[in-house]
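# Structural overview
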Amino acid sequence: MGERTVIPFGPQHPVLPEPIHIDLVVEDEHVVEAIPSFGFIHRGLEKLVEKKDFHEFTYVAERVCGICSYIHGMGYCQAVETVMNIQIPPRAKWLRTFWCELSRAHSHLLWAGLLADAFGFENLFMQCWRIRETVLDVIEETTGGRVIFGSAKIGGVRRDVDNDTLKRCAVKIASAAAEFEELKKVFRDDYSVKQRLCGIGMLSRDDAWTLGAVGPTLRGSGVRTDTRLEGYAAYNELKIEPIVETACDSYARCMVRMHEVTQSFDLIQEIAARTPEGPVFEKPSGYPNGEYFARLEQPRGEVIYYVKGNGTKNLSRFRVRTPTFANIPPLLHMLQGCELADVGLIVLTIDPCISCAER
Amino acid sequence: MIPEQVIHDIEPAALRERTAAYRRDGWRLVQICSTTLDVFELSYSFTRDDRFEHLRLRLPLEGAQVDSITEEYFGAFAYENEIHDLFGIRFDGLKLDYLGNFFKTSVSKPFATSMCVVTGGKNNG
Amino acid sequence: MSFLKRSPWIVHYDGASCNGCDIEVLACLTPRYDVERFGVVNTGNPKHADILLITGYINEQSQPVVKAIYEQMPEPRVVVAVGICATSGGIFRECYNTKGGVDSTIPVDVYVPGCAARPESIIDGVVKAIAVLEEKHLAMKKARAAS
Amino acid sequence: MTRNFLAGFAYLLLAPVIGALLAGVDRRITARMQGRRGPPILQPVYDLLKLMHKESIGARRTGHFFVLGHLVFMMAAGFEFFFGGDLLIVIFAFALSSIFLVLGAYAAHSPFSHIGAERELLQMMAAEPILLLTAMGFYIANGSFRVEEISASPVPALLWLPGIFAALAFILTIKLRKSPFDLATSHHAHQEIVKGLTTEFSGLSLAIIEVTHWYETIMLLGIFYLFLAPYPAAAVLLVAVVYLLEILLDNTSARMKWQWAMKSSWTTASLLGAINLIVVYYWLGVQP
């Protein structure tokens, strides 16, 4: 013992289903250095704007990532709409918000399951994913897809959801929310869970801010921020209070996401009750000319869509800066000096979506 | 409400200084974005409270080179390495340099040319 | 009759997918779909696996990884390409970094369509893979008897 | 004597069968706790038969030798136990068997199996004191290390050794590789070192490790039986309850780190085991 060994983490690894590779320089079980390498999943889809027209590209944007897929599609649409100066109908705005919150709930539940799996609590993993299935049912009922909705469209949404369906969905979500409260107690109070999360992967408020952390990672370090406060879609008519934890550790980040699921469930109920009547789509005319940075809040944090049009059917640039990409420098900071047993866990606390990050 | 987006056009030489000022005032680096037109257009975005601002600078397509801001914002290394690999722009003083191995692509510098540039772009799509 | 068909262990690799199919592969393990009913275990270790599930297409950097995983698997082994990207490159076919579907790198036995492939079709694909596994086992047996 | 041999051979023949069934029931109950249907009860048998058909790759010749040693010494330990032999020999053979597995893991060139091996050694260090305390406890209570004589005693050992019983139940979790102690290798590979100890074994070697694990489980449960040996029905019930509690614990806790595993098992050993031992020693010393 005492000698240094290099332990490969990924790209094929049971804890993290996604291909990221980290070389961990380990002394006993202490991580001295963590060197990540990327590119296993780089597709170069931003370049596709040159081949697909800007309407068609919505479907490519949705496939930036299969977990927060809807928000990618919608964010792209929102950016193009701003460039083209399109006002989408109010009902479309509310429906978009509805699906955004469903995405958040399903993504966080998925994450919670993976985290539980990473610290060897298999039962908890199963329970998280069981509740998630109810959320997926609602998504399937309203869009037809389970993970990729295909509902975003420039100028509105692809299909309307009638009010009866919305009400029925609200009931389903209410039952999922009740089950989730039980689950949340385990994450909050269980001795073994707290042993594995408290004090692990510290990221101070200053480090989080200057290294550019976003989303629950930043909020778990005590910064009050949430892009939803900017009031895109129907968020300007909803009351949103960012969930902030100040402990700066993995437990704090976990609790931020736990409370956000509750918040999302509440918002879904409210949206189902308040969605106004009206059309859901307005046909856009012309081609985008101009540029815009759209900022949205994904389950993983703030995401930026940059769109630059030149008045033709193809955009000249589409860029997405995903939350995982912004969270990589803070992650490296957290991995330094941690225990080998905590590596998988710490990587998961930023809720990595490598597919997003590498596009 | 959605904040207005202010874009400051600057000279490449002024980048470090302007970035340092943002850092001093407690802004967060949101992203670095590069676009290929008839020049490379780099946008550095910063945010604080409900404000959202960008620094915009232009570099020639041939031998593009600019100062790294990893001294001010260490997290910028990810963006800078990515732009280096995809666009071929060199960053001087990069604190964590992957030396072109951040993304291994089958085409080198895939974004360095744009097929959609109206002037002089070759459209083979 | 061999016991391969009662105990197919899988290993899952995300070639370069958008994650959509990956989370559906994981969803197969969870209470609603519960593939353990059929003896399927997600081993996470290629050396213990019989079936390799690959999602997403292959790019420059993931090609050697996919090859390595395939080579680590003991015979008989079966490859299932999950999702349209894995079968042909799908929506990313035209991207500059795409090498094509999984069959551009290793032989594929079963193709599962869908974007994202639904858990039902993934389970269906695994069941088909079990039949192929059985065939390969018999062929191996025959070859051993012949030599 | 013939009876002893019969019992020993019965163990060699039946332990893998009962162990496999127990593992099947375990997987079924675990699935039910997780809201799933779970595999057929005979699933572990199917897995084993399949593994025997698979190609063995990766592990080197020395690896196979060590795995064989692992099995043989485990069988020897179990045989000695059911034969009614010396409890100390049982524990030594048992430890030797585990050492063989660790050596096998070290023989492979993989950082995962090396770290798994290191963790297995740490877990042995955590578990071994309690096993020795158990043997000493039985000796103090019955005046003999021989299983035969302990089981023939009219007073159940549980009466004298409740603390040791609890401590032994604690380390059973380590030996069964269940949460919170599935550090070195676990039944479902979702940990940072993949399958740890067993990462590099495949095919027949893995099958042998699996069978050895069943032998191990049955022998350990045999020790629990010994605590209530005068009342066979109650003893079987006790063993069942202990095993069910293990499954419950596995499903209600996270995997801990090795530091915690060491600290908690040594604390348990000293608190429950040693105090129990001291009390019984003086108690029996006063009125033998």
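Residues numbered from 1 in each chain as written. Chains lettered and ligands numbered in written order. Predicted model: local features only at pLDDT ≥ 70, side-chain atom pairs only at ≥ 80, totals over all residues. Heavy atoms only, no water.

Residue-level contacts link 37 residues of chain C with 41 residues of chain A. Between chain C and chain A, a total of about 3300 Å² is buried, with carbon and sulfur atoms accounting for 60% of that surface. It is Ile23, Ile91 and Glu94 of chain C in chain C that bury the most area against chain A; as a group they hold 16% of the surface buried on that side. There are four salt bridges connecting chain C and chain A. Between aspartate 137 of chain A and arginine 32 of chain C there is a salt bridge whose closest N-O contact spans 2.9 Å. The tally of links from chain C across to chain A stands at seven residue pairs in polar contact (both at pLDDT 80 or more). The set of elements that each furnish at least two residues to the side of chain C that touches chain A consists of β1 (9-16), α1 (20-27) and α2 (62-72) of chain C. (Contact = heavy atoms within 4.5 Å. Buried area = accessible area lost by both parts, 1.4 Å probe. Salt bridge = Lys/Arg side-chain N within 4 Å of Asp/Glu carboxyl O. Polar contact = N/O pair within 3.5 Å; in protein donor to acceptor, adjacent residues only side chain to side chain. Helix = DSSP H or I, 4+ residues; strand = E, 2+ residues; numbered from the N terminus.)

Trans is the common state for peptide bonds, and a negative phi is the common state for residues other than glycine. In this structure, alanine 116 of chain C follows cysteine 115 of chain C across a cis peptide bond, with omega equal to -10°. By secondary structure assignment, the location of alanine 116 of chain C is in the loop between β7 (110-112) and α4 (119-146). Within the chain, aspartate 351 of chain A stands out as a residue other than glycine whose phi angle is a positive 55°. Mapped onto the secondary structure, aspartate 351 of chain A falls in the loop between α11 (340-349) and α12 (354-358). The exposure class assigned to aspartate 351 of chain A is buried, which follows from its relative accessible area of 3%. For asparagine 19 of chain C, which is not glycine, the phi torsion reads 85° and is therefore positive. Mapped onto the elements, asparagine 19 of chain C comes out in the loop between β1 and α1. Classification of asparagine 19 of chain C as buried rests on a relative accessible area of 2%. (Buried < 20%, exposed > 50% of the residue type's maximum accessible area, 1.4 Å probe, protein only.)

Residues and elements named next belong to chain D. Inspection of the secondary structure puts methionine 262 in helix α11 (residues 258-286). Taking relative accessible area as the criterion, methionine 262 reaches 16% and is therefore assigned buried. Separated by 229 residues in the primary sequence, methionine 262 and methionine 33 have C-alpha atoms spaced 28 Å apart. When sequence neighbours within four positions are dropped, the list of residues in contact with methionine 262 reads Leu122, Met125 and Ala126.

Below, the discussion takes up helix α4 (residues 87-107) of chain D. With 21 residues, α4 of chain D extends 30 Å between its outermost C-alpha atoms, agreeing within 8% with the 30 Å of an ideal straight helix rising 1.5 Å per residue. A distance of 2.8 Å separates the backbone nitrogen of leucine 88 of chain D from a side-chain oxygen at the start of α4 of chain D, and that oxygen is part of aspartate 86 of chain D. (Expected span 1.5 Å × (residues − 1).)

Our next topic: the confidence of the model for chain B. Detailed reading of the predicted coordinates is not advisable wherever pLDDT falls low. Mean pLDDT over chain B stands at 79; residues scoring 70 or higher make up 88%. For this predicted complex, the interface confidence score (ipTM) comes to 0.84, while the overall pTM stands at 0.87. (pLDDT = per-residue confidence, 0-100.)

Formed by 201 residues in total, the largest nonpolar core has its most connected members in Leu24, Tyr76, Phe119, Phe187 and Phe265 of chain A together with Tyr44 and Ile89 of chain B. Broken down by element, this core gets its largest block of residues, 16 residues, from helix α3 (residues 90-118) of chain A. Excluding residues that lie within four positions of it along the chain, tyrosine 44 of chain B makes contacts with Leu15, Gln31, Ile32, Glu53, His54, Leu55, Leu57, Val66, Asp67, Ile69 and Phe91 of chain B. In this structure, Ala207, Ala229, Val242 and Ala261 of chain D belong to the second largest nonpolar core, which totals 77 residues. (Core = buried A, V, L, I, M, F, W, Y, C linked by side-chain atoms within 4.5 Å.)

So, about the interface of chain C and chain B. Counting residues at the interface gives four residues for chain C and seven residues for chain B. Here chain C and chain B share an interface that buries about 550 Å² over both sides, 50% of which is from carbon and sulfur atoms. Here chain C is connected to chain B by zero salt bridges. Where chain C packs against chain B, one counts zero residue pairs in polar contact (both at pLDDT 80 or more).

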